[in-house]
Amino acid sequence: MRILLAEDVHMVRDAFVALLDLQPDFEVVAKTERGDTVVPAALDHRPDVAILDANLPGIDGLAAARLLRRHLPQCRTVIITASQPNGLLARCLNEGVSGLVLKVASAECLTQAVRGVAAGLRVIDSQIALNEFEHQTAGPLSPREIDVLRYTSKGNSVKEIAEVLFLSTGTVRNYLTSINSKLNARTKVDAVLIAQDAGWID
């Protein structure tokens, strides 16, 4: 299996190459440190799978994946990322990325992802999928803010919410202020409507 690797940190790139070269069926045929050199390298070396860091100089990994899909559609892409920004999974799916793996994942996780995407599968790191689901479930609000807003939607007063959640009334008011700020809501009624429309509360 022919592999292209795009990673801008030299030590990390060398470590990935060493890891991939341990696999008897893998061959790293090209490596680059910039997103804008991914497509030229791929056209020169015709890899089966491209492993792209999400944050590359020049253009980022997702933009490189988009161009790669246009110019060499038979090449599958795996995005590797050190962080889990909200919306990353959705962006990857929209760009036709086949795999998404955290850099802190095990070596076995990465090699399985490469083999999986080469076989035509879509492989998503379970931790990224879980974090994305949790973000979609609660949006920008914390679990405690969701609790406060849920009781607010039922007509409970600040005092009643404080008693039920074992908080001070001042803390409840602080949560309501934070909720309004995060949701860009003018009032707590607006916040409730926004959260209900988004499906964060019933």
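Small disclaimer: the values here were computed from a predicted structure and weren't measured. (Residues numbered from 1 in each chain as written. Predicted model: local features only at pLDDT ≥ 70, side-chain atom pairs only at ≥ 80, totals over all residues. Heavy atoms only, no water.)

Notes on the side chain of Asp53
- Residue placement: Asp53 occurs in strand β3 (residues 49-53).
- Given a relative accessible area of 3%, Asp53 falls into the buried group.
- Of the polar contacts made by the side chain of Asp53, one reaches the side chain of Lys103; its length is 2.7 Å.
- The residues contacting Asp53, other than those within four sequence positions of it, are Ala6, Glu7, Asp8, Gly61, Ile80 and Lys103. (Helix = DSSP H or I, 4+ residues; strand = E, 2+ residues; numbered from the N terminus. Buried < 20%, exposed > 50% of the residue type's maximum accessible area, 1.4 Å probe, protein only. Polar contact = N/O pair within 3.5 Å; in protein donor to acceptor, adjacent residues only side chain to side chain. Contact = heavy atoms within 4.5 Å.)

With respect to helix α5 (residues 107-118)
- For α5, spanning 12 residues, the distance from its first C-alpha to its last is 17 Å, which sits close to the expected 16 Å at 1.5 Å a residue.
- Taken together, the buried positions of α5 are Leu110, Thr111, Ala113, Val114, Gly116 and Val117.
- Against the buried residues of α5 lie β1 (2-6), α1 (10-21), β3, β4 (76-81), β5 (99-102) and β6 (123-124).
- Backbone geometry just after α5 places Gly120 at a positive phi near 95°. (Expected span 1.5 Å × (residues − 1).)

Notes on the sheet that holds β5
- If you walk across this open sheet you meet the 6 strands as β2-β1-β3-β4-β5-β6, and the pairing is parallel. Only two strands of the sheet have a single partner each, and these edge strands are β2 (27-32) and β6.
- Strand direction decides the pairing type here: β1 and β2, joined by 5 bridges, are parallel. Of the residues in β2, the one forming a bridge with Ile3 is Val28.
- Packed onto the sheet, α1 meets β1, β2, β3 and β4 and runs at close to 170° relative to β2.
- This element, helix α3 (residues 61-71), spans β3 and β4 of the sheet and lies at about 155° to β3. (Pairing = 2+ DSSP bridges. Axes fitted to C-alpha atoms, helices over the stretch in contact; angles between N-to-C directions.)

Details of the packing of helix α9 (residues 169-183) against helix α10 (residues 188-198)
- Contact geometry for α9 and α10: axes closest at 10 Å, N-to-C directions at 55°. Between α9 and α10, the angle is such that the two are oblique. Relative to α10, the crossing made by α9 is left-handed. Residues Ile179, Asn180 and Leu183 of α9 pack against Lys188, Ala191 and Ile194 of α10. (Parallel < 35°, antiparallel > 145°, perpendicular 65-115°, else oblique. Left-handed = near helix turned anticlockwise from the far one by under 90°.)

Some points on helix α8 (residues 158-165)
- Every buried residue belonging to α8 is among Val158, Ile161, Ala162 and Leu165, and all of these are buried. When α8 is viewed along its axis, its buried side chains cluster within an angular range of 100° and face the same direction. Along α8, the residues that are exposed and aim more than 90 degrees away from the buried face are Lys159 and Glu163.
- Check the buried side of α8 and you find it contacts α7 (143-153) and α9.
- Of the residues flanking the end of α8, it is Phe166, one or two places downstream, whose phi is positive at about 55°. (Arc of directions from axis to C-beta.)

Topic: the pairing of β3
- Of all 5 residues making up β3, 5 are buried, and the element is well covered by its neighbours.
- Of the two faces of β3, the one lined by Val49, Ile51 and Asp53 and the one lined by Ala50 and Leu52 are each fully buried.
- Where β1 lies against β3, 4 bridges are found, and the strand directions are parallel. Residue Ala6 lies in a different strand from β3, and its bridge partner there is Leu52.
- Note that β3 and β4 share 5 bridges and pair parallel. Considered in β4, the bridge of Ala50 is made with Thr77.

As far as function goes, none of this settles anything; it's purely spatial.
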